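Each chain is listed here by its residues.
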Amino acid sequence: MSNRTLTDKAEAILARNHWVFDLDGTLTLPVHDFSVIRQALGVPDGIDILGYLASLPGPEAQPLHDKLTAIETELLERIAPAPGTVQLIEALQRRGSRIGILTRNTRDIAVRALDSLGLGGYFPEECILGRDDALPKPDPEGLFQLCAMWGTIPAEMVMVGDYVFDLQTGRNAGVATIHVDRTRRFLWPELTDIGVSTPEELLQMLPA
Ligand SMILES: [Mg+2]
């Protein structure tokens, strides 16, 4: 049972049956220190890492892509679920909701991360879209792919994430957005339909 009063709009969103999650910092506790990663790759401060790599000529970009994948593989060892993650995913699956992942990681790393979180098998592999499977967030292409795969419409979908790109992706696709922010600062209210501090709080809000 929810312990807070939800608006009709929020209730309608939570009753939707097609859920797409960001992975890092949303289902996991944050372990990526992006300023350290930028430094290791020589990406200027405040510049989007994947965007920067994409702007480089192939021969220059490839070693950096390899290095990024190596860093991400190393981070897998420190990965841990955010509070309530496994229970939330179980609850969505129990009620028959379709679930997918849209991440700027690779699909391979994402699959391994989900295994480490105790979520192996919950997400069909074709519903895990990594940076080689769709244009990177905030481009809405990944959400449109899942939408088509599931035979639904954006107005029946929800995008859950911890960063502005996730929320913009939802907005750009016409998909409702849920911001997971452990600090409860909720910096992007104009992009956010529902704000929660953890997956556990989101689980408590789901209709019984
Ligand atoms: Mg994230």
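Residues numbered from 1 in each chain as written. Predicted model: local features only at pLDDT ≥ 70, side-chain atom pairs only at ≥ 80, totals over all residues. Heavy atoms only, no water.

1. Things to note about the domain arrangement of the protein chain
To be explicit about the condition: Either an automatic procedure or a domain database provided the assignment from which the domain bounds are taken. Contacts are assigned to residue pairs with any non-hydrogen atoms lying within 4.5 Å of each other. Put simply, buried area is how much 1.4 Å-probe accessible surface two parts lose in total, over both of them, once they are put together. By convention in these notes, a salt bridge is any Lys or Arg side-chain nitrogen within 4 Å of a carboxyl oxygen on Asp or Glu.
Along its sequence, the protein chain is carved into domain 1 (8–30 + 79–205) and domain 2 (34–78). Between the C-alpha centres of domain 1 and domain 2 the distance comes to 23 Å. With 11 residues of domain 1 at the contact, the number on the domain 2 side is 10 residues. Approximately 890 Å² of surface area, both sides summed, lies buried where domain 1 meets domain 2, with 54% of it carried by carbon and sulfur atoms. Looking at the side of domain 1 facing domain 2, the largest losses of area belong to Ile79, Ile109 and Arg131, adding up to 57% of the total buried there. Across the domain 1-domain 2 interface, the total number found is two salt bridges. Taking the shortest distance from any N to any O, the salt bridge between Arg104 and Asp48 comes out at 2.6 Å.

2. Describing the coordination of the magnesium ion
Heads up, the condition is: Water is absent from the atoms considered, so a metal site may look incomplete; donors are defined as N, O and S atoms within 2.8 Å of the metal, or 3.2 Å for Na, K and Ca.
At 2.2 Å from the magnesium ion lie its protein donor atoms, namely Asp22 (OD), Asp24 (O) and Asp162 (OD). In primary sequence terms, the donor set of the magnesium ion follows D-x1-D-x137-D.

3. Structural notes on the pairing of strand β4 (residues 157–161)
To keep things clear, this is the line we draw: When accessible area is computed with a 1.4 Å probe and restricted to protein chains, residues below 20% of their type maximum are described as buried, those above 50% as exposed, and intermediate ones as partly exposed. The way it works is that DSSP assigns letters per residue, a run of H or I at least four long becomes a helix, a run of E at least two long becomes a strand, and they are numbered from the N terminus. Here, strands pair whenever DSSP counts at least two bridges between them. Call a crossover right-handed when, viewed with both strands pointing away from you, the route from the first strand across the helix to the second goes clockwise.
Counting buried positions over the five residues of β4 gives five, a clear majority of the element. The alternating pattern of β4 places Met157, Met159 and Gly161 on one face and Val158 and Val160 on the opposite face, and all of these are buried. Of the strand pairs in this sheet, strand β1 (residues 18–21) and β4 are connected by four bridges, and their pairing is parallel. Looking at the pairing, Phe21 lines up with Val160 of β4. With four bridges connecting them, β4 and strand β5 (residues 176–180) associate as parallel partners. Residue pairing in the sheet places Val158 in a bridge with Ala176 of β5. In terms of handedness, the path from β4 via helix α8 (residues 164–173) over to β5 forms a crossover that is right-handed.

4. Re the packing of aromatic side chains
For any two aromatic rings, the description comes down to two numbers: the centre-to-centre distance and the angle of the planes. Threshold: Here a Phe, Tyr or Trp ring, Trp counted by its six-membered ring, pairs with any other such ring whose centre lies within 6.5 Å, and the pair is stacked when the planes are under 30 degrees apart, edge-to-face when over 60, and tilted otherwise.
Taken as a whole and assessed by the stated rule, the structure comprises three aromatic pairs. Following the ring pairs from residue to residue traces out a cluster consisting of Tyr163, Phe165 and Trp188.

5. Considering the pattern of salt bridges
A full pass over the atoms with the stated rule returns nine salt bridges. The shortest N-O distance in the salt bridge between Asp193 and Lys9 comes to 3.0 Å. With Asp193 in the loop between β5 and β6 (194–196) and Lys9 in helix α1 (residues 8–14), the pair connects residues that are 184 residues apart, well separated along the chain. Judged by its relative accessible area of 22%, Asp193 falls in the partly exposed class. Three or more residues are tied together by salt bridges with common partners; here these are Lys9, Arg171 and Asp193.

6. Observations concerning the side chain of Arg38
Let me state the cut-off plainly: Residues counted as positive are Lys and Arg, residues counted as negative are Asp and Glu, and His and the chain ends are not counted.
Residue position: Arg38 is located in helix α2 (residues 34–41). With no salt bridge to any partner, buried Arg38 finds its closest opposite charge in Asp45, at an N-O distance of 5.4 Å. Once residues lying within four places of it in the same chain are set aside, the contact partners of Arg38 are Val43, Pro44, Asp45, Gly46, Ile47 and Ile49.

7. A few points about the sheet that holds β4
For clarity, the cut-off: In this description, a line fitted to the C-alpha atoms serves as the axis of each element, helices being fitted only across the stretch in contact, and the angle between N-to-C directions of two axes falls anywhere from 0 to 180 degrees.
Taken together, six strands build an open sheet; the order of strands is β3-β2-β1-β4-β5-β6 and the sheet is parallel. Of all strands in the sheet, those bounded by a partner on one side alone are β3 (128–129) and β6. As paired strands, β5 and β6 are joined by three bridges and run parallel to one another. Note on β6: the bridge partner recorded for Ile178 is Ile194. On top of the sheet, helix α5 (residues 85–94) reaches β1 and β2 (98–102); it is set at about 155 degrees to β1, its chief contact.

8. Here's the deal with α2
Quick reminder of the rule: The directions from the helix axis to the C-beta atoms form the arc being described.
Those residues of α2 that sit buried are Ile37, Arg38 and Leu41. Along the axis of α2, the buried positions cluster into a sector of 100 degrees, meaning they face one direction only. For α2, the secondary structure elements touched by its buried residues are α3 (49–55) and α4 (58–75). Within two residues after α2, Gly42 carries a phi angle of roughly 75 degrees, on the positive side.

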